[in-house]
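Here are the chains, one letter per residue:
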Amino acid sequence: MIPTQRVILGAGLAILLIITAASIALDVKSRSDAARVNQTVHVQKKISDLRVLLRRAESAARGYELYRTPGFSAEFQAVQAQIAPALADLKRGVRDNPDQVALLEGTEPLALRRVEIAAEAMRLRAANDQAGIAALNGRAEGRGLMDTVMANLDRLSAEEERLLAARSQDSRRTGVVLLGIDVAGAVLILLLVALVMRESRRATGQLQTSLEQTQAAKQALEAAVAERTEHLVTAHDELRLSVNVLQSTFDSMAEAVLVIDADGNVLLSNPAAERMLLHRTGMNLSNLRALSDVFNGDGVTPMQADELPSVRVLRGEKFEDLEMIVRPHSGNPPRHLMVSGRPMLDGHGEISGAVLVYHDATMSRETERQLYQSQKLDAIGKLTGGVAHDFNNMLTVISGNTETLVESLKQQPELQRVARLIDDAAERCAELIQHLLAFARRQPLQPRNVEINAAIADIAKLLRPTLGEQIQIETVLEQGPMTAHIDPSRLTNAVLNMAINARDAMPNGGKLLLETHRVVLDEAYAQAHADVTAGPYIMLAVSDTGTGMSVETQHKAFEPFFTTKEVGKGSGLGLSMVYGFVKQSGGHIKIYSEEGHGTTIKLYLPPGEGTAEVAVAAAAPAEGGAETIFVVEDDPLVRNFVTAQLTSLGYKTIAAPDGKTALDLITAGQTFDLLFTDVVIPGGMSGRELAEEVAKLRPGVKVLYTSGYTDNAIVHHGKLDDGVMLLTKPYRRNQLAEMIRKALGSGQV
């Protein structure tokens, strides 16, 4: 090999070594870049996880404040335990960035303080410490802390986004340079191989040795290139996976998300925005606004243009849980939305767009309304039941004595007319109390298996003369046997009340439709209606073509004494009585109405098992007897009245004001044929408990109960216990005589 060729060959080898060294250095840098990109992605995830934990803690605290359920408390405690470790983990992730570490160290105590305030609020709620709650709310510390924490996390996230972009660009640049060096090295190797081949004739041995060395260097370089390429592909795959995870999370969010620019154009949206806001690709905010009417949280006041979430957020406002109600023009149901907004800033600090997050609170708001309505009706029912007992005691005395007075004044017509007025008024009072007890679900039902289609057909015949010729009555009855387990007399009263309401809603005439169907209320319906048990029902619908009801009227329709009729034309107890009957029977009731189009009331009744039961024929009017009746009644007026009536019927009577006195007399050997006891008596012993104690002393004793208000002593699941006989107050003399004879003929407690 001549010196010139040796110089060229030596220079080529030197350059090759330089290229190899540079390639190795760039390989190290490429690995470092990939690691830094991966670190930035992990830090972004940790920031997102921390933000989610803080939101979950705040949501659980708010849920506990609204519903006071243990589930929200447990969720809050679980999330609270994760926040401090998440902060520490995030701090480790940004330890190579002093500015990020400083910002996070300033954020950590604020976040922990915000969670501590939420925990303190929950403890005060659990202890019902109103003063503590007021003091805590007065400081208004929590919202400001959360806004600051979220703003700091946004700054951390923005900085990591910037680092991710810079590091990704640096990694790509390194890859390009590394590829160029590899190509240059390969070209140089080929040139050196050619030179060596030309010199092979002169120095075969040296050429062979040089060629082997060159081939080894080439293989090493190719292996290094393959390894570097594999590292780059792996880094790119990991980055693509992270992007896919973020995209999947965004697409699966239950909240609707809109990212808009400064002109209101939608840059990004998720599938929830299509379901919740009816947004479609290519629509801007102006197009969306044209689809619906927007109201404030009260559902009445229209939201002004400058109050809209998009307008406010593009002004630079940040807000959480802005409440609004959207009523689509398409006729879809209104949606109750909670909106959060954050403006986006460009590199100069100017507003370049915004992010809007919409949470659908329709279901939770409706559940809150139903719960409030149910609690209100239950409270009214308890109040009603509490006073019914005393009223019925007084009415028993009034009705019984006025009945006797009317009979004794046959020779004095004027006084007899006055007595009849008193008697009629007492009867009206008794009916009013019975209606209130029906609403309060305290009436003793006697349910049996009733063939609904036959019952409705009979009721329709009864309605025709009652409603008048201007009302057209139609029935649509599902074919086949259809049995419901209900009290048939209460069903008749319920349908009659609904029909009369329908007639009053059609002053110029119209159509009344009675329908029956077999239906199944599924779990989804049961979850949307807290008082419903999923399963099969017999549905009875009563529809009219009348004036209909407003939404506000529908919400109050079941309240006692609520009426839209003129004064003196309605008591407001019709639908409340129907409501109580259906609920006590284990069913469900629902109103569907539209103003100007009519109303449908659907009763979902429990299905019966087996065939319908035949009603027992009414017994002939009963007379008196000569047996001994043991009367237990705490009210002296009622006790004196009952003993007088029984004596007039020929019976012997023994009376006691409470259970203890009665037991003492019976233990002492007092004989009697029938125990006639009030259910609610003083002395710590109910009438049922008294009867059970007497049965131990006198097996087979015959018992007749009486009450103006039936509690759980003899009524369970809305019906009288098997074998129990009850005479409901107030009662007339002939009713007393009939039940006494019936009880004397039985042998059950």
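All values reported here derive from a predicted model rather than from experimental measurement.

**Q** Help me understand the environment of Gln479, please; the structure alone is not making it clear to me.
**A** Inspection of the secondary structure assignment puts Gln479 in the loop between β8 (471-477) and β9 (483-486). In this structure the C-alpha to C-alpha distance between Gln479 and His517, which are 38 residues apart in sequence, comes to 8.7 Å. Separated by 3.4 Å, the side chain of Gln479 and the backbone oxygen of Leu477 make a polar contact.

**Q** Is there a simple way to explain the pairing of strand β10 (residues 510-521) in this structure?
**A** Along a regular strand, successive side chains alternate from one face of the sheet to the other. Two strands pair when backbone bridges link them, and β8 and β10 are joined in this way by seven bridges, in the parallel orientation. In the sheet register, Ile473 faces β10, and the bridge partner there is Leu512. Strand direction decides the pairing type here: β10 and strand β11 (residues 535-544), joined by ten bridges, are antiparallel. Note that in β11 the partner of Thr516 across the bridge is Leu540.

**Q** Mind showing me how you'd approach the sheet that holds strand β2 (residues 266-269) here?
**A** Strands in a sheet are paired, the pairing made by backbone hydrogen bonds, and the direction either parallel or antiparallel. The six strands are arranged β2-β1-β6-β5-β4-β3 in an open sheet whose pairing can be described as antiparallel. The two strands at the open ends of the sheet, each matched to only one other strand, are β2 and β3 (292-296). Across the sheet, the mean angle from the axis of one strand to that of its neighbour is 30 degrees, orientation sign disregarded. Here strand β1 (residues 256-261) pairs with strand β6 (residues 351-360) via six bridges, running antiparallel. From the neighbouring strand, Leu258 faces β6, where its bridge partner is Leu356.

**Q** So what exactly am I meant to see when it comes to the pattern of salt bridges here?
**A** Oppositely charged side chains can pair when the atoms bearing their charge come close. Under the defined criterion, the tally for this structure stands at 22 salt bridges. Between Asp89 and Lys46 there is a salt bridge whose closest N-O contact spans 3.3 Å. Residue Asp89 is located in helix α2 (residues 70-93), and its partner Lys46 is located in helix α1 (residues 3-67); the two are separated by 43 residues in the primary sequence. Looking at Asp89, the relative accessible area reads 27%, which means it is partly exposed.

**Q** So what exactly am I meant to see when it comes to helix α4 (residues 130-139) here?
**A** The periodicity of an α-helix, 3.6 residues per turn, causes residues three or four positions apart to be oriented the same way. Every buried residue belonging to α4 is among Gly132, Ile133 and Leu136, and all of these are buried. Taken around the axis of α4, the buried residues stretch over an arc of 100 degrees, which confines them to a single face. Seen from the buried face of α4, the exposed residues on the opposite side, beyond 90 degrees, are Ala131 and Gly138. Check the buried side of α4 and you find it contacts α3 (98-126).

**Q** Honestly, the packing of aromatic side chains in this entry has me stumped. Any pointers?
**A** A ring pair, where both rings are aromatic, is described by two values, the distance of the centres and the angle of the planes. What the rule picks out here adds up to two aromatic pairs. Ring centres of Tyr537 and Tyr604 lie 6.4 Å apart, and the angle between their planes is 85 degrees; this geometry places the pair in the edge-to-face category. Of this pair, Tyr537 sits in strand β11 while Tyr604 sits in strand β13 (residues 598-605), placing them 67 residues apart in sequence. Residue classification places Tyr604 among the buried residues on the basis of a relative accessible area of 6%. Ring centres of Phe630 and Phe672 lie 5.4 Å apart, and the angle between their planes is 90 degrees; on these two criteria the pair is classed as edge-to-face. Placement of Phe630 in strand β14 (residues 628-632) and of Phe672 in the loop between α18 (659-667) and β16 (674-678) is noted, with a sequence separation of 42 residues between them. The same class applies to Phe630 as to Phe672, namely buried.

**Q** Honestly, the environment of Leu232 in this entry has me stumped. Any pointers?
**A** Positionally, Leu232 belongs in helix α6 (residues 204-252). Counting along the chain gives 201 residues from Leu232 to Arg31, while the straight-line C-alpha distance between them is 8.1 Å.

**Q** What should I look at first to understand the packing of α2 against α3 in this one?
**A** Angle between the axes and distance between the axes: these two values describe a pair of packed helices. The interhelical angle for the contact between α2 and α3, taken along N-to-C directions, is 170 degrees, at an axis separation of 11 Å. In terms of orientation, α2 lies roughly antiparallel with respect to α3. Residues Phe72, Ser73, Phe76, Gln80, Ile83, Ala84, Leu87, Leu90 and Lys91 of α2 form the contact with α3, whose own contacting residues are Leu104, Glu105, Glu108, Ala111, Leu112, Val115, Ala118, Ala119 and Met122. Tallied by class, residues from the contact of α2 with α3 come to 13 nonpolar, two polar and three charged.

**Q** In this structure, what is going on with empty space enclosed by the protein? I would like to understand it.
**A** Space left empty within the atom packing is revealed by a probe, the size of a water molecule, rolled over the atoms. Applying the stated criterion across every chain, the model contains three cavities of 30 Å³ or more. When its volume is computed, the largest cavity comes out at roughly 60 Å³. Considering the residues around the largest cavity, the lining is formed by Gln39, Thr40, Val43, Gly93, Val94, Asp96, Asn97, Glu160, Leu163 and Arg167. Its residues placed into classes, the lining of the largest cavity shows three nonpolar, four polar and three charged.

**Q** I would appreciate a short explanation of the nonpolar core in the present structure.
**A** For soluble globular proteins, the rule of thumb is that nonpolar side chains tend to be buried together. Core analysis: the largest hydrophobic core is formed by 38 residues, its most contacted members being Leu463, Leu491, Leu512 and Leu603. It is helix α12 (residues 452-467) that provides the largest number of residues to this core, a total of seven residues. When neighbours within four sequence positions are excluded, Leu603 is seen to be in contact with Met498, Ile538, Met539, Leu540, Val578, Val582, His588 and Ile589. Ranked by size, the runner-up nonpolar core spans 29 residues in total, among them Ala57, Leu90, Met122 and Leu156.

**Q** What's the story with a nonpolar patch on the surface in this structure? I'm lost.
**A** On the surface, Met394, Ile398, Val418 and Ile422 cluster together into a nonpolar patch covering about 320 Å² of accessible area. Along the chain, Val418 turns up in helix α11 (residues 413-439).

**Q** Would you mind showing me how to read the packing of helix α17 (residues 636-648) against helix α20 (residues 733-744) here?
**A** It is at 11 Å that the axes of α17 and α20 come closest, and there the two elements cross at 70 degrees. When the axes of α17 and α20 are compared, the pair comes out roughly perpendicular. Residues Gln645, Leu646 and Ser648 of α17 lie in contact with α20, whose contacting residues are Arg733, Leu736 and Ile740. Across the contact of α17 with α20, the residue classes tally to three nonpolar, two polar and one charged.

**Q** Is there a simple way to think about the pairing of β16 in this case?
**A** Of all five residues that make up β16, five are buried, and the element is covered over most of its length. Burial along β16 is two-sided: the residues Leu674, Phe676 and Asp678 and Leu675 and Thr677 are all buried. In the classification by handedness, the crossover that spans β16, the intervening helix α19 (residues 687-697) and the parallel strand β17 (residues 703-707) is right-handed.

The rules behind these values
- Residues numbered from 1 in each chain as written.
- Predicted model: local features only at pLDDT ≥ 70, side-chain atom pairs only at ≥ 80, totals over all residues.
- Heavy atoms only, no water.
- Helix = DSSP H or I, 4+ residues; strand = E, 2+ residues; numbered from the N terminus.
- Polar contact = N/O pair within 3.5 Å; in protein donor to acceptor, adjacent residues only side chain to side chain.
- Pairing = 2+ DSSP bridges.
- Axes fitted to C-alpha atoms, helices over the stretch in contact; angles between N-to-C directions.
- Salt bridge = Lys/Arg side-chain N within 4 Å of Asp/Glu carboxyl O.
- Buried < 20%, exposed > 50% of the residue type's maximum accessible area, 1.4 Å probe, protein only.
- Arc of directions from axis to C-beta.
- Contact = heavy atoms within 4.5 Å.
- Phe/Tyr/Trp six-rings, centres within 6.5 Å; stacked < 30°, edge-to-face > 60°.
- Parallel < 35°, antiparallel > 145°, perpendicular 65-115°, else oblique.
- Nonpolar A, V, L, I, M, F, W, Y, C, P; charged D, E, K, R; others polar.
- 1 Å grid on protein atoms, 1.4 Å probe; cavity = no way out; pocket = protein on both sides within 12 Å on 5 of 7 lines; lining within 4 Å.
- Points joined across faces, edges and corners; volume = space filled by probe spheres on them.
- Core = buried A, V, L, I, M, F, W, Y, C linked by side-chain atoms within 4.5 Å.
- Patch = residues over 30% accessible without salt bridge, like charges linked within 9 Å, V, L, I, M, F, W, Y side chains within 5 Å.
- Areas by Shrake-Rupley, 256 points an atom, 1.4 Å probe, with all protein chains shown as cover.
- Right-handed = clockwise from strand over helix to strand, strands pointing away.

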